[in-house]
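# An overview of the molecular structure
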Amino acid sequence: MTIDIDKRGRKNNREVILDAATELAAEIGIKTLTLQSVADRAGVSKGGLLYHFPSKMSLLKGLIVRYVDQVKTQSLAEVGTSADTMRQLLRSRIEHEREHDNREAACGMLAVIAEEPELLEPIRDHHNWLWQQSKQSSEPFALLLPWLAIEGLMFLELLGASPLSETEREATIDRILHLVPSGVFAADGVAE
């Protein structure tokens, strides 16, 4: 994802607004977030905010799209492109889950998505992209199992339903990493 920078080295207003909305969502929650509070935090007029995001729904969708784009961009930057990119992307995703605790922000998004299911579209598109990438390997289901396992663990944590202690969580993530095939997959789908 590219962040637009003006001639003086500043982010464009759209990015500043999304940054402000992200900060406020973490502080006060998405449900209580208002367009005026975001405009105030971003230092733009409400009209300036409405130019980029005509409704709270479009702002929330912008947050989700940016988050998905950042995850994809970060993952691709970490692994580059190669015949076994999907295996590396999966390993990166699992390690990211180990190292980052995004549960609070994700819980807020989950609450909003429950009320506004159309906000799932960017996430659904991302998962469809991941599955299409996985199908390029010689063993797509070997990649699917650890992917579903880490997503399932994350979802249980989002719901506050995970029975695992921190030590058990670490051990589980280690086991999920061991599920990722270690072989390198050729681009044409034949294992090397």
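## Examining the pattern of salt bridges
For the structure on display, the rule yields nine salt bridges. As a salt-bridge pair, Asp174 and Arg98 come within 2.7 Å of each other at their nearest N and O atoms. Of this pair, Asp174 sits in helix 9 (residues 166-179) while Arg98 sits in helix 5 (residues 85-99); the two residues are 76 residues apart in sequence, bridging distant segments of the chain. Within the structure, one salt-bridge network assembled from shared partners comprises Glu95, Arg98, Glu170 and Asp174.

## What to know about the nonpolar core
By size, the foremost hydrophobic cluster in this structure holds 22 residues, and its most contacted members are Ile17, Leu33, Val38, Val44, Leu49, Leu59 and Leu60. Counting only elements with at least two residues in this core, the list comes to helix 1 (13-28), helix 2 (35-42) and helix 4 (56-79). Top element by residues in this core is helix 1. It accounts for six residues. Excluding its chain neighbours within four sequence positions, the residues that come into contact with Val44 are Asn13, Ile17, Ala39 and Leu49. Formed by 14 residues, the second largest nonpolar core is a distinct cluster that contains Leu89, Ile150, Leu153 and Val180.

Conventions used here
Along each chain, numbering runs from 1 in the same order as the chain's sequence is written. Totals for whole chains, interfaces and linings use all residues, but because this is a predicted model, local features are given only for residues with pLDDT of at least 70 and pairs of side-chain atoms are given and counted only at 80 or more. Hydrogen atoms and water are omitted, and side-chain values are computed over all heavy atoms in the structure. Salt bridge, as applied in this entry: a Lys or Arg side-chain nitrogen positioned within 4 Å of an Asp or Glu carboxyl oxygen. Secondary structure counts use DSSP, requiring at least four H or I residues in a row for a helix and at least two E residues in a row for a strand, with both numbered from the N terminus. By convention a nonpolar core is built from buried Ala, Val, Leu, Ile, Met, Phe, Trp, Tyr and Cys residues, the set being connected through side-chain atoms within 4.5 Å. When accessible area is computed with a 1.4 Å probe and restricted to protein chains, residues below 20% of their type maximum are described as buried, those above 50% as exposed, and intermediate ones as partly exposed. Any two residues whose heavy atoms approach within 4.5 Å are treated as being in contact.

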